[in-house]
Amino acid sequence: SSKDMDKILTYLKKHRADTNMAYYGKAKGKNVIIFHLESFQQFLINYKVNDEEVTPNINKFYADNNTLAFDNFFNQVGQGKTSDAETMLENSLFGLPSGSAMTTYGTTNTFEALPAILNQQGYATAAFHGDVGSFWNRDNTYKSWGYQYFFSENYYQVKSGYKIGYGLKDKIFLKQSTKYLEQLPQPFYAKLITVTNHYPYEIDKKNQAIEKTTTGDNTVDGYVQTARYLDQAFGEFISYLKKTGLYDKTMIVVYGDHYGISNNHKKAIAQLLGKKSVTSYDLAMFQKVPFMIHMPGLQGGINHTYGGEIDVMPTLMDLLGLKNTDTVQLGNDLLATKRNQTVIFRNGDYVSPTYSKIGSTVYNNKGQVVTKKLTKAQRKSVAQKEAYADKLLSMSDQIITGDLLRFYQPKWFTKVNKSDYNYKKTEA
Ligand code: GP9
Ligand code: MN
């Protein structure tokens, strides 16, 4: 009911992190490109196979003077995988405890998503993906989120050999996307979702540009090969942006959506990391994914704050100089100087710079089990984090399953009208 919404608003108001004025509005009026690195984990950054970097282009971007990168940024997805990542990034709401919020609620719910907010501020908004538009119910959800355009498979020329796994191969997808990107009025907000670096990590021979790893685990060893392919595709796309001058007018946001190697492959993970074995803590740390923001004039570097996908929207809104004090967001600005660094996973586990809880085990930040060694004060801090995790997850579930955003919009925001949008391709 609207009373539930009021309670949530009161909570959020009390816990909102303060804006870091050093960054506020730095990207105002700039184009925004969200570049989705499929199944891409942080450990791949600067990772080498036989002394060779797996992802040289992404590594270069990571180290660029104008790139702000986060090295304690975690994926927080549940069963909804990519769709959970998208839901968090553009709504600052968690996925559901089971299933996918986009599939179950994307068509019918009211949202106050980042594309809609920017669209109302004069931005053109477009999503690009080389799979069928109905996957994860994107073709309906994106309307609810305020995407004016959704270029999915039927907007692309598909010849034999163009597709692998879930859709168009990344290089072909990105190349063909440029002709639509070029037609968008500026400023635009564009999201490009790659797909080739996806389980089971297969790529045609001519695109195999690095040796596989040699763990002996067949579903793991191809991962670096498709990651390399994605890296080449990324490199080509960045060159294109530079050539057209878009690079200088755009805030480029790059992120990995979730793990590529699941916890079912512990032995192989240990081998990849050069360890004898991995603990549950190591596996939690293995959930880190890249998050980088590039923009000319931005003071780059590596930020060590703990955060995750839920925190992206508040961060981007502050950079874009959008009013961010009365929105419904469960994350907090990664650039805020004083922020809650407890990173919540969908199953209620959490990690933080001090203590982390995985299952019923508490770890310190060296990965040592301290469940039974905590002082009274430490026990209290752990209990607080646990309560915070439960509270945020349950508020998120309430908002989504109760469609609570229908009861509240900030004054400056107009409810999205889905029928404003039509993604059907009309003949040219
Ligand atoms: C499909 C693609 C894959 O269109 O986004 O989704 P995932 O399996 O990673 O959730
Ligand atoms: Mn995915």
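Keep in mind the model is a prediction, meaning the values are calculated, not measured. (Residues numbered from 1 in each chain as written. Chains lettered and ligands numbered in written order. Predicted model: local features only at pLDDT ≥ 70, side-chain atom pairs only at ≥ 80, totals over all residues. Heavy atoms only, no water.)

J.: Looking at this model, I keep getting lost on the overall build of the protein chain. Mind explaining?
T.: Helix and strand counts for the protein chain come out as 13 helices and 18 strands. The C-alpha radius of gyration of the protein chain comes to 21 Å, within 12% of the 22 Å expected for a compact globule of 428 residues. Expressed as a percentage of the 428 residues in the protein chain, the buried residues total 61%. With an accessible surface of roughly 18,100 Å², the protein chain has 48% of that area assigned to carbon and sulfur atoms. Seen as two clouds, the 51 positive and the 40 negative side-chain charges of the protein chain have centres 4 Å apart. (Helix = DSSP H or I, 4+ residues; strand = E, 2+ residues; numbered from the N terminus. Rg over C-alpha atoms; globule rule 2.2 N^0.38 Å. Buried < 20%, exposed > 50% of the residue type's maximum accessible area, 1.4 Å probe, protein only. Areas by Shrake-Rupley, 256 points an atom, 1.4 Å probe, with all protein chains shown as cover. Lys, Arg positive; Asp, Glu negative; His and termini not counted. Charge placed at Lys NZ, Arg CZ, Asp CG, Glu CD.)

J.: What is the right way to look at the packing of helix 1 (residues 2–15) against helix 13 (residues 376–401) in this model?
T.: Each pair of packed helices can be summarised by the angle the axes make with each other and by the distance between the axes. Following both chains from N to C, one finds helix 1 and helix 13 inclined at 140°, their axes separated by 11 Å at the closest point. Classed by the angle they form, the pair helix 1 and helix 13 counts as oblique. By crossing handedness, the relation of helix 1 to helix 13 is classed as left-handed. Where helix 1 abuts helix 13, its residues D4, I8, Y11 and L12 lie against Y388, K391, L392, M395, Q398 and I399. (Axes fitted to C-alpha atoms, helices over the stretch in contact; angles between N-to-C directions. Parallel < 35°, antiparallel > 145°, perpendicular 65-115°, else oblique. Left-handed = near helix turned anticlockwise from the far one by under 90°. Contact = heavy atoms within 4.5 Å.)

J.: Teacher, can you tell me more about helix 12 (residues 312–319) here?
T.: Along an α-helix, a turn takes 3.6 residues, which lines up residues three or four apart on a common side. Judged by how many residues are buried, helix 12 sits mostly within the fold: eight of eight residues are covered. Three or more residues of helix 12 are buried, namely V312, M313, P314, T315, L316, M317, D318 and L319. Phi turns positive, to about 70°, at G321, one or two residues after helix 12.

J.: Whenever I open this one, the pairing of strand 12 (residues 291–294) confuses me. Can you help?
T.: Going residue by residue along strand 12, you find F291 and I293 tucked away on one face and M292 and H294 tucked away on the opposite face as well. Summarising the sheet, strand 4 (residues 67–70) and strand 12 pair through four bridges and their orientation is antiparallel. The partner of T67 across the bridge, within strand 12, is H294. Relative to strand 12, strand 11 (residues 250–256) runs antiparallel, the two sharing four bridges. (Pairing = 2+ DSSP bridges.)

J.: Teacher, can you tell me more about the coordination of the manganese ion (ligand 2) here?
T.: Surrounding the manganese ion (ligand 2) are the protein donor atoms E38 (OE), E38 (OE), T82 (OG1), D257 (OD) and H258 (NE2), at 2.0 to 2.7 Å. One way to put it: the six donor atoms around the manganese ion (ligand 2) meet at angles of 52 to 166°, and that makes the site irregular. Counting the intervening residues between successive donors of the manganese ion (ligand 2) yields the motif E-x43-T-x174-D-H. Within this pair, whereas E38 is found in the loop between strand 1 (31–37) and strand 2 (48–49), its partner T82 is found in helix 3 (residues 81–91), the two being separated by 44 residues in sequence. Neither E38 nor T82 differs from the other in exposure class; each is buried. (Donors = N, O, S within 2.8 Å, 3.2 Å for Na, K, Ca; no water. Tetrahedral: all angles 85-135°; square planar, octahedral: opposite > 155°, others 65-115°.)

J.: Explain the confidence of the model for the protein chain to me, please; I cannot follow it from the model alone.
T.: Summarising the model, the protein chain shows a mean pLDDT of 97, and 100% of its residues fall at 70 or more. Scored by ipTM, the complex comes to 0.99, with pTM at 0.98. (pLDDT = per-residue confidence, 0-100.)

J.: Can you walk me through the pairing of strand 4 in this structure?
T.: Along any regular strand, the residues point their side chains to alternate faces of the sheet. Alternating residues of strand 4 divide into T67 and A69 and L68 and F70, and every residue in both groups is buried. Where strand 4 meets strand 13 (residues 301–303), three bridges bridge the pair, whose relative direction is parallel. Each bridged residue has a counterpart across the sheet, and for F70 the counterpart in strand 13 is N303.

J.: How do you make sense of helix 9 (residues 223–244) when you look at a structure like this?
T.: Between its first and last C-alpha, helix 9 extends 32 Å over 22 residues, near the 32 Å set by a 1.5 Å rise per residue. Following helix 9 by one or two positions, G245 adopts a phi angle in the positive range, close to 85°. (Expected span 1.5 Å × (residues − 1).)

J.: I would appreciate a short explanation of the UniProt feature "active site" (unreviewed entry) in the protein chain in the present structure.
T.: Feature annotation in UniProt assigns "active site" (unreviewed entry) to the following positions: T82. T82 gets classed as buried once you look at its relative accessible area, which sits at 7%. (UniProt positions renumbered as here; feature names shortened; annotations may be inferred.)

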